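Report on the structure
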Amino acid sequence: MTALFKNLKPAKRYSKALLELLQNSAAKDGADFKEASKKMYDEFEFVVKTVRENSELQNFILNPVVSYGDKKDVMSQIFTGKVSSLTVNFLSLLAENNRLNILDDILFSFKDDINKLQNIIPAVITSVIELDLEQKKKLVEKLQNKIKAEITPEFRLDEAILGGLVIKINDTVIDLSIKKKIENLKVQTF
């Protein structure tokens, strides 16, 4: 598949189209948009993972000699019954427009669009030791109260920070690590 972000501009257009289809479908069916978007994301992630893990399918999709109609038929045969008809139809649209090669980028952009629409912000929280469930819960609650948005935390471990936490939310980094405090002390003493 393609390198992530290589085709971000067209991926954003397709992501917006998918989001619009999803909103219309959810409204028409009276479905909860949050649940519908989670289901759609999971289905699309399943498609991307399936393609990523199957080199034959990947080569087939990327082969310029294979017709768009054949690509559309194969994608439909593989995914019909495994994902919703909305997802299969979207894959057909991508095949017709020769955009199956940017599935990864569309998935990334779609997740970003859903998060923005629902005021959800991803956060990367790095510590030296594994935080217990109660610590994680309290930390997430404090961050959500501070930024007035729901966050989806990703917890990581990194011994290099020596202790404390490093929290990254969008482009903001809150460095509460011991490593940073030591670096600050070195700067102040010289």
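To be clear, the structure that these remarks concern was listed above.
Owing to the predicted nature of the structure, the values given are computational and were not obtained by experimental measurement.

Each helix and strand in the protein chain was counted, giving eight helices and four strands. Starting at the N terminus, the α and β elements of the protein chain follow one another as α-α-α-α-α-α-β-α-β-β-β-α. Overall, the C-alpha framework of the protein chain stretches about 70 × 40 × 30 Å when taken along its three principal axes. Here the protein chain, with 190 residues, has 37% of them falling under the buried criterion. Charge centroids of the protein chain, computed over 29 positive and 27 negative side chains, lie 5 Å from each other.

Here the distance between the centres and the angle between the planes together describe a pair of aromatic rings. Within the structure shown, the criterion is met by three aromatic pairs. Centroid distance Phe46 to Phe79: 6.0 Å. Interplanar angle 85°. Geometry classified as edge-to-face. Residue Phe46 is found in helix α2 (residues 33-53), and its partner Phe79 is found in helix α4 (residues 68-79); the two are separated by 33 residues along the sequence. Of the residues examined, Phe46 reaches a relative accessible area of 34% and is grouped as partly exposed. Sitting above the plane of the Tyr41 ring, Lys111 keeps its charged end 4.7 Å from the centroid. Between the NZ or CZ atom of Lys136 and the centre of the ring of Phe155, over which it lies, the distance is 4.9 Å.

Here the focus is unusual backbone geometry. Even without being a glycine, Leu162 presents a positive backbone phi close to 70°. Among the structural elements, Leu162 can be located in the loop between β2 (150-157) and β3 (164-169). The phi angle at Asn170 is positive, at roughly 55°, despite the residue not being glycine.

So, about the packing of α2 against helix α6 (residues 103-117). Relative orientation of the contacting elements α2 and α6 amounts to 165°, with a least axis distance of 10 Å. The angle between α2 and α6 falls in the class roughly antiparallel. Both α2 and α6 take part in a crossing whose hand is left-handed. Between α2 and α6, the residues in contact are Phe33, Ser37, Met40, Tyr41, Phe44, Glu45, Val47, Val48, Val51 and Arg52 and Leu103, Asp104, Ile106, Leu107, Phe110, Lys111, Ile114 and Leu117, respectively. The residue inventory of the contact of α2 with α6, partitioned by class, reads 13 nonpolar, one polar and four charged.

In this section: the nonpolar core. In this structure, Phe44, Met75, Leu91, Leu94 and Leu103 are the most contacted members of the largest nonpolar core, which totals 32 residues. Those elements that provide at least two residues to this core are α1 (8-29), α2, α3 (55-62), α4, α5 (85-96) and α6. Not counting the four nearest positions on each side in its chain, Leu94 is found in contact with Tyr14, Phe44, Arg99, Leu100, Leu103 and Ile106.

Let us now look at the packing of α1 against α2. Packing of α1 against α2 brings their axes to within 10 Å, and their N-to-C directions diverge by 135°. If you check the angle between α1 and α2, you find them oblique. By crossing handedness, the relation of α1 to α2 is classed as right-handed. Contacts between α1 and α2 pair Leu18, Leu19, Leu22, Gln23 and Ala26 from the former with Phe33, Ala36, Ser37, Met40 and Phe44 from the latter. Tallied by class, residues from the contact of α1 with α2 come to eight nonpolar, two polar and no charged.

With that out of the way, let us pick up the sheet that holds β3. With mixed pairing, the four strands of this open sheet are ordered in space as β2-β1-β3-β4. Each edge of the open sheet carries a strand with a single partner, namely β2 and β4 (172-177). Taking each pair of neighbouring strands and ignoring which way they run, the sheet shows an average axis angle of 15°. Relative to β4, β3 runs antiparallel, the two sharing six bridges. Paired with Ile169 across the bridge in β4 is Thr172. Along the sheet, helix α7 (residues 133-147) contacts β1 (120-127), β2 and β3; its crossing angle with β2, the most-contacted strand, is approximately 135°.

Cut-offs applied
- Residues numbered from 1 in each chain as written.
- Predicted model: local features only at pLDDT ≥ 70, side-chain atom pairs only at ≥ 80, totals over all residues.
- Heavy atoms only, no water.
- Helix = DSSP H or I, 4+ residues; strand = E, 2+ residues; numbered from the N terminus.
- Buried < 20%, exposed > 50% of the residue type's maximum accessible area, 1.4 Å probe, protein only.
- Lys, Arg positive; Asp, Glu negative; His and termini not counted.
- Charge placed at Lys NZ, Arg CZ, Asp CG, Glu CD.
- Phe/Tyr/Trp six-rings, centres within 6.5 Å; stacked < 30°, edge-to-face > 60°.
- Lys NZ or Arg CZ within 6 Å of the ring centre and 35° of its normal.
- Axes fitted to C-alpha atoms, helices over the stretch in contact; angles between N-to-C directions.
- Parallel < 35°, antiparallel > 145°, perpendicular 65-115°, else oblique.
- Left-handed = near helix turned anticlockwise from the far one by under 90°.
- Contact = heavy atoms within 4.5 Å.
- Nonpolar A, V, L, I, M, F, W, Y, C, P; charged D, E, K, R; others polar.
- Core = buried A, V, L, I, M, F, W, Y, C linked by side-chain atoms within 4.5 Å.
- Pairing = 2+ DSSP bridges.

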